Amino acid sequence: ILNVEQSPQSLHVQEGDSTNFTCSFPSSNFYALHWYRWETAKSPEALFVMTLNGDEKKKGRISATLNTKEGYSYLYIKGSQPEDSATYLCALLMYSGGGADGLTFGKGTHLIIQP
Amino acid sequence: DTEVTQTPKHLVMGMTNKKSLKCEQHMGHRAMYWYKQKAKKPPELMFVYSYEKLSINESVPSRFSPECPNSSLLNLHLHALQPEDSALYLCASSQSTYNSPLHFGNGTRLTVT
């Protein structure tokens, strides 16, 4: 069983504060790491796909870093807004000889922004 | 609005029923996926189709039968399900199975009585 761990499980943040959370994964046979945002009553929305060790990606106030050697990725949100409230999922794509497997998701970090 | 359309949004079925879930995308994506998601758990991969061929079947029971009639459509045929199969079934598509982000539908909420 592939373990993709996310922490914390849930997080309450004051509006305007910055925050970050972690995704940990096995570093062997790494292919790609995805981040998704899942708002209630909507479908998961892709934020980033990261493949290279040391990768940093940014989309507005949200950014992510990747360390494939030690098996972790951080997601950062700067100046949190109420619309950032969602569950943030990371997902791992591993290489398995014949190609890439399907994505394995973590349980997510449930982020609540308090006005 | 999502570009991946799933129907129906909700489905209630008995254990002896046969039903199908449908998924459609018109983005020209060549990979399509079925995921199952139960409350407080992550989405769990069921099937992957790549270029209309089944490339991954994650040991899913045979009461779930996927079908990809063409590159835009993905079906999940259901027969003799159990109450524990009640879940949110998510369809997704991507340009390829490598490095491309997944585009998800809104899901079908399935209840088996």
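Calculation rules
For every chain, the first residue of the written sequence is number 1, and numbering continues from 1 onward in sequence order. Naming scheme: in the order in which they are written, chains are lettered from A and ligands are numbered from 1. This being a predicted model, a pLDDT of at least 70 is required before a residue's local features are given, and a value of 80 or more before pairs of side-chain atoms are given or counted; all residues contribute to the totals for chains, interfaces and linings. Only hydrogens and water are removed before side-chain values are computed, so all heavy atoms of the structure are retained for them. Put simply, DSSP marks the helices as runs of H or I at least four residues long and the strands as runs of E at least two long, and each gets a number from the N terminus on. As defined in this context, the radius of gyration uses C-alpha atoms, and a globule is described by 2.2 Å times the residue total to the power 0.38. Under the scheme applied here, a residue whose accessible area is under 20% of the maximum for its type counts as buried, over 50% as exposed, and between as partly exposed, the area being computed with a 1.4 Å probe on protein chains only. Contact definition: two residues touch when any of their heavy atoms are within 4.5 Å. A 1.4 Å probe and the Shrake-Rupley method give the accessible areas. Residues count as covered only by the protein chains that appear here. We count Lys and Arg on the positive side and Asp and Glu on the negative side, and we leave His and both chain ends out. Charge positions are represented by NZ for Lys, CZ for Arg, CG for Asp and CD for Glu. Pairing between two strands is assigned when DSSP locates at least 2 bridges connecting them. Comment: axis = line fitted to C-alpha atoms, over the contacting stretch for helices; angle = value between 0 and 180 degrees taken between N-to-C directions.

Caption draft 1: Structural view of the overall build of chain B. Helix and strand content of chain B: zero helices and eleven strands. Secondary structure of chain B in N-to-C order comes out as β-β-β-β-β-β-β-β-β-β-β. Over its C-alpha trace chain B gives a radius of gyration of 13 Å, about what one expects of a compact globule, namely 13 Å for 113 residues. In terms of its C-alpha atoms, chain B occupies a principal-axis envelope of roughly 35 × 30 × 25 Å. Taking all 113 residues of chain B together, 46% fall into the buried category. Sequence separation of at least 24 residues holds for 54% of the intrachain contacts in chain B that already meet a minimum separation of 6. By element, 48% of the accessible surface of chain B is carried by carbon and sulfur atoms, the whole surface being about 5,700 Å². Averaged over its 12 positive side-chain charges, chain B has a centre that lies 6 Å from the centre of its 9 negative ones.

Caption draft 2: Layout of the sheet that holds strand β8 (residues 72–77) of chain A. Residue and element names in this part refer to chain A. Strand order in the open sheet formed by five strands is β1-β3-β8-β7-β6, and the pairing between neighbours is antiparallel. Both edges of this open sheet fall to β1 (5–7) and β6 (56–59), since each of them pairs with a single strand only. When the angles between neighbouring strand axes are averaged without regard to direction, this sheet yields 15 degrees. Where strand β7 (residues 62–67) meets β8, six bridges bridge the pair, whose relative direction is antiparallel. Bridge assignment links T65 to a residue of β8, and that residue is Y74.

Caption draft 3: Region of interest: the pairing of strand β4 (residues 31–37) of chain B. All names here are of chain B. Most of β4 sits out of view: seven of its seven residues are buried. Taking every second residue as pointing to the same face, both faces of β4 are buried, with A31, Y33, Y35 and Q37 on one and M32, W34 and K36 on the other. As defined by bridge partners, β4 adjoins strand β5 (residues 44–50) across six bridges and the pair is classed as antiparallel. Looking at β5, one finds that K36 is bridged to E44. Between β4 and the antiparallel strand that follows it, β5, lie six residues; K40 among them carries a positive phi value of about 65 degrees. Taken together, the seven bridges between β4 and strand β9 (residues 87–94) define a ladder with antiparallel strand orientation. When the sheet's bridge partners are listed, Y33 is paired in β9 with A92.

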